[in-house]
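Below are the chains, spelled out letter by letter.
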Amino acid sequence: QALQVFREMVRNRVEGDTITYNAAVSACEKGEQWVQALQLFREMADNRVERNTITHSAAISACEKGEQWVQALQLFREMASSRVERDTITYSA
């Protein structure tokens, strides 16, 4: 349902920010929809929306739940190259 609200915002041309994207990526993670989580993650970069520790952790967790270990490790490594801080949640994702 959270993802539907987010998509409705996009349809109504309401620009998403880091907080709204994080909520959508987290909803995908909780719903075990790793493909959609990664799409949103990439969309953030395309739309020049800042991706923070929460964004990365949620995307990594979504990949983990979908057994996409290579993707999860790639996102984890990307955090360092993007200078995004890793925290306890990131390491446990």
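Please refer to the structure placed before this passage.
This structure is a prediction, so every number in the text was calculated from the model and none was measured. (Residues numbered from 1 in each chain as written. Predicted model: local features only at pLDDT ≥ 70, side-chain atom pairs only at ≥ 80, totals over all residues. Heavy atoms only, no water.)

**A short note on helix H3 (residues 34-46)**
Here is step 1 of the chain: The end-to-end C-alpha distance of H3, which contains 13 residues, comes to 18 Å, matching closely the 18 Å that a straight helix rising 1.5 Å per residue would cover.
Here is step 2 of the chain: For H3, the full list of buried residues reads Ala37, Leu38, Leu40, Phe41, Glu43 and Met44.
Here is step 3 of the chain: One or two positions beyond H3, positive phi appears at arginine 48, with a value near 55 degrees. (Helix = DSSP H or I, 4+ residues; strand = E, 2+ residues; numbered from the N terminus. Expected span 1.5 Å × (residues − 1). Buried < 20%, exposed > 50% of the residue type's maximum accessible area, 1.4 Å probe, protein only.)

**Quick look at the pattern of salt bridges**
Here is step 1 of the chain: What the rule picks out here adds up to four salt bridges.
Here is step 2 of the chain: Between glutamate 78 and arginine 42 there is a salt bridge whose closest N-O contact spans 3.5 Å. Of this pair, glutamate 78 sits in helix H5 (residues 69-81) while arginine 42 sits in helix H3; the two residues are 36 residues apart in sequence, bridging distant segments of the chain.
Here is step 3 of the chain: Overall, arginine 42 belongs to the partly exposed group, its relative accessible area being 31%.
Here is step 4 of the chain: One salt bridge in this structure joins glutamate 78 and arginine 51, with 3.2 Å as the shortest N-O distance. (Salt bridge = Lys/Arg side-chain N within 4 Å of Asp/Glu carboxyl O.)

**Digging into the environment of glutamate 85**
Here is step 1 of the chain: Note that glutamate 85 resides in the loop between H5 and helix H6 (88-92).
Here is step 2 of the chain: Along the primary structure glutamate 85 and asparagine 52 are separated by 33 residues, whereas in three dimensions their C-alpha atoms are 7.8 Å apart.
Here is step 3 of the chain: Among residues more than four places away in sequence, those in contact with glutamate 85 are Thr53 and Met79. (Contact = heavy atoms within 4.5 Å.)

**Observations concerning unusual backbone geometry**
Where the residue is not glycine, phi is negative for most of them; where a peptide bond is considered, it is trans in most cases.
Here is step 1 of the chain: Positive phi is not limited to glycine here, since arginine 48 has a value of about 55 degrees.
Here is step 2 of the chain: One non-glycine residue, glutamate 67, adopts positive backbone phi at about 60 degrees.
Here is step 3 of the chain: Relative to the helices and strands, glutamate 67 is located in the loop between helix H4 (53-65) and H5.
Here is step 4 of the chain: The class of glutamate 67 is exposed, set by a relative accessible area of 60%.

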